Amino acid sequence: MYDFEIHRTRTAQLRREAEQDRLAREAVLARRAARREEAVRRGAQEAESHTDRPRRQRLPRAA
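All figures in this text were calculated on a predicted structure; none of them were measured in a lab. (Residues numbered from 1 in each chain as written. Predicted model: local features only at pLDDT ≥ 70, side-chain atom pairs only at ≥ 80, totals over all residues. Heavy atoms only, no water.)

S.K.: Whenever I open this one, the overall build of the protein confuses me. Can you help?
M.R.: What the protein contains, in helices and strands, is one helix and zero strands. Here the protein holds 63 residues, and 2% of them are scored as buried. Summing over all exposed atoms, the protein offers an accessible surface of approximately 6,800 Å²; the carbon and sulfur share of this is 52%. (Helix = DSSP H or I, 4+ residues; strand = E, 2+ residues; numbered from the N terminus. Buried < 20%, exposed > 50% of the residue type's maximum accessible area, 1.4 Å probe, protein only. Areas by Shrake-Rupley, 256 points an atom, 1.4 Å probe, with all protein chains shown as cover.)

S.K.: How do you make sense of the pattern of salt bridges when you look at a structure like this?
M.R.: Side chains that differ in charge, positive against negative, can pair when their charged atoms come close. Scanning the entire structure with this criterion turns up five salt bridges. A salt bridge links E37 to R41; the shortest N-O distance between them is 3.7 Å. Of this pair, E37 and R41 both sit in helix α1 (residues 2-42), four residues apart, roughly one helical turn. Residue R41 is classed as exposed on the basis of its relative accessible area, which comes to 60%. Residues joined in a network through salt bridges with shared partners are E37, E38, R41 and R42. (Salt bridge = Lys/Arg side-chain N within 4 Å of Asp/Glu carboxyl O.)

S.K.: Explain α1 to me, please; I cannot follow it from the model alone.
M.R.: Between its first and last C-alpha atoms α1 spans 60 Å; for 41 residues at 1.5 Å apiece the expected length is 60 Å, and the two agree. Directly after α1, the chain includes G43, whose backbone phi takes a positive value near 80°. (Expected span 1.5 Å × (residues − 1).)

So this is what it looks like as structure tokens:
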């Protein structure tokens, strides 16, 4: 019986954590969408760029 209670408690905790993760992902997606819409309104060409600097070219890995 004790094991069953531990199982139920752990399951409830995992469900709460999963719900928090879902809410966090939804918030991130909503912020991205809002940023994109704002960029479109402003006419920005690079909505996702944080700097004007070109992206650094990476060297291939050594074998």
